[in-house]
Amino acid sequence: MSALAGGLKLSREDRPIAIAALFLVAILIAGTVYTWVRFGSAPLLSPTYLLLQLQIGAFLGIVAAGMMVVILISQIDLSTPWTLTAAAMMATAVGGPWAIPIALGIGLAVGIVNGLGIAYLRVPSMIFTLGVNAVMRGLMVAHTGGFAPQTEATPLMRSLAAERTFGIPNALFVWIAVSVVIVLILRRAPLGRYIYAIGNKEAAAYLAGVQTRVVTVICFAICGLTAGIAGVLLAGYSQKAYQGMGDAYLLPAIAAVVIGGTNILGGRGRYLGTLIGVILIVLLNSVLSIMDMPEAGRQAIYGSVIILMLLVYGRSERVTS
Amino acid sequence: MGSNLAIRLRQNFGLATGIVLFCVVYLGYHLSHPKGFSSAVLVQNSNEVFTLAMVAMAQTVPVLMAGLDLSVGALMTMVDCFASYLMTGAAAGTPLAMDFIGIRLTFGTLPGGVPGLLLGMLICLGIGTLGGLLNGMVVVYGRIQPIIATLATGAIYIGVALHLRPQPGGKIDDDLNWALTNSLGEFASTVHIFDDGAASWFAPLAWIPTPFVLLALIALVVWVPFRRSVAGRTIYAIGSAEGAAYMSGLAIDRAKLIAFTLGGFFAGCGGVFLAIQTSSGNADIPQAGAYTLNSIAAVVIGGTSLLGGTGSAIGSIFGALILRVISFFFRIFDIAPLLQPLFEGLILLVAVSISAVRVLRIKNTLELFR
């Protein structure tokens, strides 16, 4: 596989994406062979099934898009789970036309608080976002009394998350819109250049005149906003908000970003990779559930696949000077 | 001598603040507790803190190398599940067998009685140590960033734990549970030493909680020698400047392997104790995640820098103590349970933001970007 990638003369950024895409195809083929032998059908290749998977993948994809932006500036956002949950809970609690603006506002506000703490107080992002996550959890526990909120998602939220237009799930459109914005920022806007520059060396970016602290705040704001969007969609999809609804999105989002070839230390990575990473994780999950794999086996396979893929292309260079 | 002490104090400023903070908070706790300063309260507190303290020590070692171990909670949980099979203390012994993909593997029989218990405990600690070694091998030979490598291995450990205990269950020998989760006096009377704990010289010590003694023993017998060894110093050097450490001819790969292995051992100790304390095994994923995140918080509060190079596992023990004492306080002051998570989060946030004082003192902005 690496010989093939070498033969095509792929750049350092494209190689992981190509290999991840190959891996994606391999999972599809393996899953299809399995279902063909066992059930005599190939649901993995039917457009309806794939669209359904993409609809579920949209939630993870949107979270991962924001996560990628903060990972590119060599930070991380661990507050995503409860930012997402808080946005979802407040959206259903407020209801009406203000549901979605409130949710997005909460995501944005949490992101800005994260950014301020990390950029101006210089607290490591790992621990500051962890604290913010705990605070958001505390606020929501106090707000709901520890019970599942009884409020329901608004029709607009439901329509965005669960309904279809021209046979294509609306959630997919939201995902595409978020993706286009992120790609435009990363590839076309000066902000994108600044993000990569900070990820490579913040001091150098600062000396080159980039307002690195402002950019850091913006990146965390983007990440918070995407968590808010994902919260709106997830609440719409399951009709309500519930405790811990965001917990299942943090580590897979980080994994998707890294599998897609983005350097966890920042400064390198393409959005296409993140997209493929998300689809890979979603497909892997669905193949494992088709195979009736118990949770134990799923977790183990999930971990092994991440290690395996990173062994193929995610190895960092030896530090020698 | 005086200036020497001043230098050491300045070098360990984070640790010193942690200890002082803990002493003040814990003194306040005992003063306001109706049964303060009693052995029973001490025993209860040390039981609640032991596992987190071990997991925080496990987290410290990778953090000193500017890495992060997201698998500590999972590894601890896996060992906990193993322990619920291997430390039952069944008199007839425990047959070791498992089904793996439909194949039945047998490994002989674990003897019953005390030798079996000790052997089972050793095996459990060994499993934790092996898990740490696996982390180290993925990081060193796979050259994958620790945070993402341990994210993956953590999923594998949780998978194994779930395979062992799909539902919470299992059992730990009652005597073992009693001996290790009470005061030294009870320990002596359970294992029949010092005239069953009635020896006159032993009486002044009988109130000390056994978990506390274990914690101090592990810190003194395992951590302190490690820190003074070449590998230990290499860890600090890697955290300060890996390139410089390499150029100085330090055995970087070996030190990293040893560091992760040691972290695995600490996590294993935490898992064994959690099993003993709860007398069962439980593959609880949220709990594993909470332990991992709390371990990071404990490490930071204990004065270890996430950028690596400074701090110590002793500090992390105090970090874990502070974290737990905060939650003890909620019980006395009758704070509504619903507000407790909020206060915990706010205290954590404020505690880590205090380090922002550094930012105010910096004169050259470039020094910010370290």
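Residues numbered from 1 in each chain as written. Chains lettered and ligands numbered in written order. Predicted model: local features only at pLDDT ≥ 70, side-chain atom pairs only at ≥ 80, totals over all residues.

Asker: Account for the environment of Gly131(B), with residues named and values stated.
Answerer: All names here are of chain B. Of note, Gly131 is situated in helix α5 (residues 113–140). Gly131 sits 134 residues away from Phe265 along the chain, and the two C-alpha atoms are 8.4 Å apart. Residues in contact with Gly131, not counting those within four places in the same chain, are Leu75, Met78, Tyr157 and Gly264. (Helix = DSSP H or I, 4+ residues; strand = E, 2+ residues; numbered from the N terminus. Contact = placed C-beta atoms within 7 Å.)

Asker: Give me the lowdown on unusual backbone geometry, citing residues and values where you can.
Answerer: Residue and element names in this part refer to chain A. Unlike most non-glycine residues, Gln239 shows phi in positive territory, near 70 degrees. Along the chain, the position of Gln239 falls in the loop between α11 (212–237) and α12 (250–259). We classify Gln239 as partly exposed; it has 13 C-beta atoms within 10 Å. (Buried ≥ 20, exposed ≤ 12 C-beta atoms within 10 Å, placed from the backbone.)

Asker: Residues and numbers for the packing of helix α3 (residues 47–72) of chain A against α11(A), please.
Answerer: Residues and elements named next belong to chain A. With their axes 8 Å apart at the nearest point, α3 and α11 run at an angle of 170 degrees to one another. Judged on the interaxial angle alone, α11 and α3 are roughly antiparallel. On the side of α3, the interface is formed by Ala58, Phe59, Ile62, Val63, Ala65, Gly66, Met67, Val69 and Val70, while α11 contributes Cys219, Phe220, Ile222, Cys223, Leu225, Thr226, Ala227, Ile229, Ala230, Leu233 and Leu234. Each residue belonging to the contact of α3 with α11 can be placed in one class, and the counts come to 18 nonpolar, two polar and no charged. (Axes fitted to C-alpha atoms, helices over the stretch in contact; angles between N-to-C directions. Parallel < 35°, antiparallel > 145°, perpendicular 65-115°, else oblique. Nonpolar A, V, L, I, M, F, W, Y, C, P; charged D, E, K, R; others polar.)

Asker: I'd love a proper account of the interface of chain A and chain B, names of residues and values included.
Answerer: Frequently, the measure chosen for interface size is the accessible area that the parts lose on association. Counting from both sides, the interface comprises 48 residues of chain A and, opposite them, 46 residues of chain B. Listing elements by their share of the side of chain A that touches chain B, those giving two or more residues are α6 (125–144), α10 (202–207), α12 and α14 (295–313) of chain A. The dominant element in the side of chain A that touches chain B, judged by the number of residues it contributes, is α6(A), at 13 residues. The residue inventory of the side of chain A that touches chain B, partitioned by class, reads 29 nonpolar, 13 polar and six charged.

Asker: Can you tell me about the packing of helix α3 (residues 39–64) of chain B against helix α14 (residues 285–301) of chain B, naming the residues and giving the values?
Answerer: All names here are of chain B. Packing of α3 against α14 brings their axes to within 8 Å, and their N-to-C directions diverge by 70 degrees. When the axis of α3 is compared with that of α14, the two are roughly perpendicular. The handedness of the crossing between α3 and α14 comes out as right-handed. Touching Leu52, Val55, Ala56, Ala58, Gln59, Thr60 and Val63 of α3 are Tyr291, Asn294, Ser295, Ile296, Ala298 and Val299, all from α14. Considering only residue class, the contact of α3 with α14 consists of nine nonpolar, four polar and no charged. (Left-handed = near helix turned anticlockwise from the far one by under 90°.)

Asker: Can you break down the confidence of the model for chain B residue by residue, with the values?
Answerer: Residue and element names in this part refer to chain B. Mean pLDDT over chain B works out to 85, with 96% of the residues at or above the 70 mark. Per-residue pLDDT, averaged within each element of chain B, yields its smallest value for strand β1 (residues 94–100) (68) and its largest for helix α13 (residues 252–278) (94). For this predicted complex, the interface confidence reaches an ipTM of 0.81, while the overall pTM sits at 0.86. (pLDDT = per-residue confidence, 0-100.)

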